[in-house]
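Chain by chain, the residues run as shown.
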Amino acid sequence: LIFNTGFGRWKSKNQGVGGMTLPDRASTGRGKYSNFNIRQFSVVSPSTNYETRFGMNKNYNDNVPSTNAIAINVLGNFNSGGAQNYNVNDRKQFNVSNLFTKMGERLTTKAGFDIFYLKNNSISESNFLGVYTFSNMEDYLAGKAASFSVTRGNPFLDMSTLRWSLFIQQGFKLTSRLTAMFGMRYEAQKDVSDRNNLGPRLGFAYTLTPRTVVRGGYGGSYVHFSPAGGGGILPLNGPHGRQDGGY
């Protein structure tokens, strides 16, 4: 039985300040993380092994602006007002896998499964108060903005995904030099309704010399839908959020 764990935290103050960006545009970021992994390995018999793995990862980070106000950008002069970059991300990830191996004189069998679960809660209020942009200092003093933009909508996002797979693989020693391998893998995901995800595996290994082995194979696989893509797109869709502007 083997296990390891880790944790940590960080904090960064006065981010985003410098050059033409004034101190009131600053923000503070902080975060923490933890992980835990355990592996159980059993020798059931001289020819049979059994292995199970479990992993857990948690990540939390947020960003808080120093000033909660409309942003003002005067091109070529200064950037002032609130940073308007308040956000929170709370991510939890779990993984369980299993591998069974049985070795024989001519036949070797491997079978197992893998389960992955991810849950992510986030808040993003980028530019929710709006930003005025002025072309120059004269326009700023005269109150003549070149443009104004603001983001509206729901800043909250709650999403999760679950995916799993099963597989079996066998290697058959046809001769002292040639081994044939064949197997099947099934994969599925909560976010995808299609369940026709059975992928075959075929392969071989041929020993030319005691130091040289030629290997070849074929396999079909399926690409999982990435929750990272959905997490980046959903806050920007029409019903969830929109960008307004004018002038």
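Look a little higher up for the structure.
Residues numbered from 1 in each chain as written. Predicted model: local features only at pLDDT ≥ 70, side-chain atom pairs only at ≥ 80, totals over all residues. Heavy atoms only, no water.

Chemist: Which residues make up the pairing of strand E6 (residues 87–103), and what values go with them?
Modeler: Relative to E6, strand E3 (residues 48–65) is paired through 16 bridges, and the arrangement is antiparallel. Its bridge partner being in E6, Gly55 is matched across the sheet by Asn95. In terms of strand pairing, E6 meets strand E7 (residues 107–124) through 17 bridges, oriented antiparallel. Bridge pairing in E7 places Asn87 opposite Ser124. The turn joining E6 and E7, which pair antiparallel and follow one another in sequence, is formed by three residues. (Pairing = 2+ DSSP bridges. Helix = DSSP H or I, 4+ residues; strand = E, 2+ residues; numbered from the N terminus.)

Chemist: Give a description of a nonpolar patch on the surface that names residues and reports values.
Modeler: Residues Leu107, Phe172, Leu174, Phe182, Leu202 and Tyr218 make up a contiguous nonpolar surface patch of about 560 Å² in total accessible area. One can find Phe172 in strand E10 (residues 156–173). Exposure remark for Phe172: the relative accessible area of 30% places this residue in the partly exposed category. (Patch = residues over 30% accessible without salt bridge, like charges linked within 9 Å, V, L, I, M, F, W, Y side chains within 5 Å. Areas by Shrake-Rupley, 256 points an atom, 1.4 Å probe, with all protein chains shown as cover. Salt bridge = Lys/Arg side-chain N within 4 Å of Asp/Glu carboxyl O. Buried < 20%, exposed > 50% of the residue type's maximum accessible area, 1.4 Å probe, protein only.)

Chemist: Give me the lowdown on the layout of surface pockets, citing residues and values where you can.
Modeler: Roughly 190 Å³ of internal volume is contained in the second largest pocket. Together, 16 residues line the second largest pocket, and Lys173, Thr179, Met181, Ala205 and Arg215 are the ones closest to its centre. Contributions of two or more residues to the lining of the second largest pocket are made by E7, E10, strand E11 (178–189), strand E12 (198–209) and strand E13 (212–219). When grouped by side-chain class, the residues that make up the lining of the second largest pocket number six nonpolar, five polar and five charged. (1 Å grid on protein atoms, 1.4 Å probe; cavity = no way out; pocket = protein on both sides within 12 Å on 5 of 7 lines; lining within 4 Å. Points joined across faces, edges and corners; volume = space filled by probe spheres on them. Nonpolar A, V, L, I, M, F, W, Y, C, P; charged D, E, K, R; others polar.)

The values are spatial; any link to function lies outside them.
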